[in-house]
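The lines below spell out each chain.
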Amino acid sequence: MAHSPELPEKYVCVDCQTIHAGTVAERTDTGHRYEPPEACGCCGGTEFVSEADWPHVDR
């Protein structure tokens, strides 16, 4: 059986719209739980939105 890699949750910086891979916060029997980074590596912003929710964010 082929293994398919787990894709990390992605987060969008609200300030500069850069996408970041989430950090593993917890390992579970069903996979991993991810959290956004503490700060954006590009602009230093601290507000992130899940990539799936990004199109629905009001700015």
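Everything in this summary refers to the structure shown in the same document. (Residues numbered from 1 in each chain as written. Predicted model: local features only at pLDDT ≥ 70, side-chain atom pairs only at ≥ 80, totals over all residues. Heavy atoms only, no water.)

Some remarks on the side chain of Ser50
- One can find Ser50 in strand 5 (residues 48–50).
- Of the polar contacts made by the side chain of Ser50, one reaches the side chain of Glu9; its length is 2.8 Å.
- Residues in contact with Ser50, not counting those within four places in the same chain, are Glu9, Lys10 and Tyr11. (Helix = DSSP H or I, 4+ residues; strand = E, 2+ residues; numbered from the N terminus. Polar contact = N/O pair within 3.5 Å; in protein donor to acceptor, adjacent residues only side chain to side chain. Contact = heavy atoms within 4.5 Å.)

Considerations on the nonpolar core
- Among the nonpolar cores identified, the biggest contains five residues, and these are Tyr11, Cys13, Tyr34, Cys40 and Phe48.
- Among residues more than four places away in sequence, those in contact with Tyr34 are Glu6, Leu7, Pro8, Glu9, Tyr11, Gly22, Thr23, Val24 and Ala25. (Core = buried A, V, L, I, M, F, W, Y, C linked by side-chain atoms within 4.5 Å. Buried < 20%, exposed > 50% of the residue type's maximum accessible area, 1.4 Å probe, protein only.)

Details of unusual backbone geometry
- In this model, Gln17 sits at a positive phi of 65°, which is unusual for a non-glycine residue.
- Tracing the backbone through its elements, the reader meets Gln17 in the loop between strand 1 (10–13) and strand 2 (19–21).
- Gln17 gets classed as partly exposed once you look at its relative accessible area, which sits at 49%.

None of the figures reported here should be taken as evidence of function without further support.
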